[in-house]
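# Structure assessment
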Amino acid sequence: MSQARHATRRRGGRGRGEQAMVPDAEFTSYYGRPVIREPVWRTPDVPGYLFLGGLAGASSVLAAGAELSGYREVSRVAKTGAAGAIGLSAVALVHDLGRPGRFLNMLRVFKPSSPMSVGSWLLAGYGPVAGAAAAAELTGLFPRAGRAATVGAGLLGPAIATYTAALICDTAVPAWHEGHREMPYVFAGSAASAAGGLGLLAAGLGLLAAGLGDARPARELAVAGAAVELVAKRRLLARLTGDGTRNLAEPYETGRTGTLLRVAEGLTAAGLAGAVLGRRSRLVSAASGAALLAASAMTRWGIFEAGMASARDPKYTIVPQRARMPAATPDPARPTPGPA
Amino acid sequence: MVSGPADPVARAGHAEHPPRVGFFTDTSVCIGCKACEVACKTWNEVPEDGLVLSGMSYDNTVGLGASTWRHVAFIEQPVSEADSVDGVRWLMASDVCKHCTESACLDVCPTGALFRTEFGTVVVQDDVCNGCGYCVTACPFGVIARREQDGGAHKCTLCYDRLSTGMEPACAKACPTDSIQFGPLDELRERARLRVSDLHDAGQDKARLYLDDPSDGIGGGGAFFLLLDEPEVYGLPPDPVVTTRDLPAMWRHVAVAAGGLFAAAVALGMRRRA
């Protein structure tokens, strides 16, 4: 005879000496099966898309700002980076579809209730503009149209870099959904940090003819972005812990994902320090830029994997839902047992 | 737009429509025969999706999926000797798509493949779906799924083709105990309230209705249930809330974050190079 009522009490974490942040509550499930379905979104397609979309959008911000203030060299790097990143991310998106040949069906309708629909239209507008900005820059043709495209991409870039937060949070995945108030700031910070990091890396590698001083806009964006990312991630985890009745920070803090996100945080902090202190060192600038880029990618991977883990284990669906429900008392609105 | 709890059928654009229909699944009379599973597979020509023995009592379909649109759960629950000769009570329940009033899968579908029919049910148009998987991730019940063979999302249609010709869905037709009841939602809700009241009178204290209430987190289910224990015992979420209720807040925060990036562009642009 099988035991159907699993009052499953588990050990904290998944081995490797990890400690669960919240003691596991007793909960009941159907043979330990997940309640919600694990997303069919795959690695590296979707976390790669989250990273590349952020890098592209914020690079367009950097390109527009740098172009308007006369930092042509860094603007060139950012435009090229934006076009390359958004091209790759479009490939990742189409590749992740169950029926890739039908990707154009995304543009059958426009639905504000679907972040993926909004994102598809944003991409359809942004992609060609960012591509045109880069093409004009690299070929030297149509400079005025190129400048208009640079500004246009700079206007759409912030939306491209942040809508993906709504994309993953507008789901039943508990570790994403419950973080919906903080996730857009994490993504904006991570995107800015990556775009600034790309500029710093290029400057450090000597790709800017005017030298390190020409990287100033990239350096400022990197510093601001990294700072926002560090603070927003902490606030995200605080939200997911709540008053201690929720266990949703756990998937972010335990196992391989926990390690990944801790390393990402360390790299962000190191990149931030390097960007501030290494103004005169090409080596430090390049290393800081690379660290920020890597940290941004690892952050997106970690957030993606934490959500997947929270979907796989029924405790992350059931325990927070139970915690927000009133204690089981007879409902006066319902018929009560007793003599008729 | 985000679907609302008022008349979801009219909101979907069906100005004149038949009464909203659905399922009332009364698990207290389910005998676990799986006729619903078989009838659904047969009528809808749903492909075979694995012939395995799960070890989960008599449940070998394990859960709803792209090719399992009715699923019978089997729970062997230890109870006191006084309640049962052998110390066990059987809970059996036929699960199905809830055809939510506020339907997350429908809200998030970017292609319009998912739509609300004139009967108030939620159906995937297979020739439109591009397999993006957003509905799979949005459903609070883990119902809709992507089929490996064709890459598209699939789930219960509440036998849309049968409804159109005045027939009841195959599972309800096949159910030998009327555990699965089909009909206008208003009538089903009334019948369910009487049934749960009878069960309470008979001493079944833990009997309760699930997803019958239009004020719940999904605006009430088009398919709802009478359960004999907590929802999670059956693999159902205790307090499901449609994710798109929070979408306006998400867009607000996205707008503020995007505004921050825009401000960064302006700030960078205004600091002319020396």
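None of these values were measured; they are calculated from a predicted model.

Looking only at helices and strands, chain A features 11 helices and zero strands. Counting all 340 residues of chain A, 59% fall into the buried class. Of the contacts formed within chain A by residues at least 6 apart in sequence, a portion of 76% connects residues at least 24 apart.

Here the focus is helix α8 (residues 247-270) of chain B. One turn of an α-helix holds 3.6 residues; hence residues three or four places apart share an orientation. Helix length check: α8 of chain B, at 24 residues, gives a terminal C-alpha distance of 34 Å against a target of 34 Å (1.5 Å per residue), a fit within 8%. Those residues of α8 of chain B lying buried are L247, M250, H253, V254, A257, A258, L261, A264, A265, L268 and G269 of chain B. Of the surrounding elements, those touching the buried residues of α8 of chain B are α1 (45-68), α4 (143-169), α6 (183-204) and α7 (216-241) of chain A.

This next bit is on the domain arrangement of chain B. Accessible area lost upon the coming together of the parts serves often as the stated size of an interface. Per the domain assignment, the segments making up chain B are domain 1 (8-241) and domain 2 (243-274). Inter-centroid distance (C-alpha atoms) of domain 1 of chain B to domain 2 of chain B is 42 Å.

Residue and element names in this part refer to chain B. As for its placement among the helices and strands, L226 is situated in strand β10 (residues 223-227). With 194 residues separating them in the primary sequence, L226 and G32 have C-alpha atoms 15 Å apart. Once residues lying within four places of it in the same chain are set aside, the contact partners of L226 are D26, T27, S28, A192, R195, V196, A207 and L209.

Right, let's get into unusual backbone geometry. Of note, the bond from T43 of chain A into P44 of chain A is cis; its omega dihedral lies within 30 degrees of zero at 5°. Of note in this structure, K34 of chain B is not a glycine but carries a positive phi near 65°. The topology assignment puts K34 of chain B in the loop between β1 (21-26) and α2 (35-44). Even without being glycine, D178 of chain B reaches a positive phi, approximately 60°. Mapped onto the elements of the fold, D178 of chain B is located in the loop between α6 (170-174) and β8 (180-184).

Looking now at the sheet that holds β10 of chain B. Residue and element names in this part refer to chain B. Strand order in the open sheet made by the four strands is β8-β1-β10-β9, with mixed pairing throughout. Only two strands of the sheet have a single partner each, and these edge strands are β8 and β9 (208-210). This sheet shows a mean twist of 20° between the axes of neighbouring strands, independent of strand direction. Taken together, the five bridges between β1 and β8 define a ladder with antiparallel strand orientation. Across the sheet, residue F23 finds its bridge partner in β8, namely F182.

With that out of the way, let us pick up the confidence of the model for chain B. Residues at a pLDDT of 70 or more form 98% of chain B, whose mean pLDDT is 95. We note a pTM of 0.92 for the whole complex and an ipTM of 0.95 for its interfaces.

Right, let's talk about the environment of P47 of chain A for a bit. All names here are of chain A. Within the fold, P47 resides in helix α1. Here the alpha-carbon distance between P47 and R262, two residues 215 residues apart in the chain, equals 17 Å. Contact partners of P47, with chain neighbours within four places excluded, come to R300, W301 and F304.

Turning next to the interface of chain A and chain B. Counting residues at the interface gives 79 residues for chain A, matched by 71 residues for chain B. Counting residues per element, the ones that place at least two in the side of chain A that touches chain B are α1, α3 (115-139), α4, α6, α7 and α11 (314-324) of chain A. Of the residues forming the side of chain A that touches chain B, the biggest block, 10 residues, is contributed by α4 of chain A. When grouped by side-chain class, the residues that make up the side of chain A that touches chain B number 46 nonpolar, 21 polar and 12 charged.

What counts, and where the lines are drawn
Residues numbered from 1 in each chain as written. Chains lettered and ligands numbered in written order. Predicted model: local features only at pLDDT ≥ 70, side-chain atom pairs only at ≥ 80, totals over all residues. Helix = DSSP H or I, 4+ residues; strand = E, 2+ residues; numbered from the N terminus. Buried ≥ 20, exposed ≤ 12 C-beta atoms within 10 Å, placed from the backbone. Contact = placed C-beta atoms within 7 Å. Expected span 1.5 Å × (residues − 1). Domains from an automatic or database assignment. Pairing = 2+ DSSP bridges. Axes fitted to C-alpha atoms, helices over the stretch in contact; angles between N-to-C directions. pLDDT = per-residue confidence, 0-100. Nonpolar A, V, L, I, M, F, W, Y, C, P; charged D, E, K, R; others polar.

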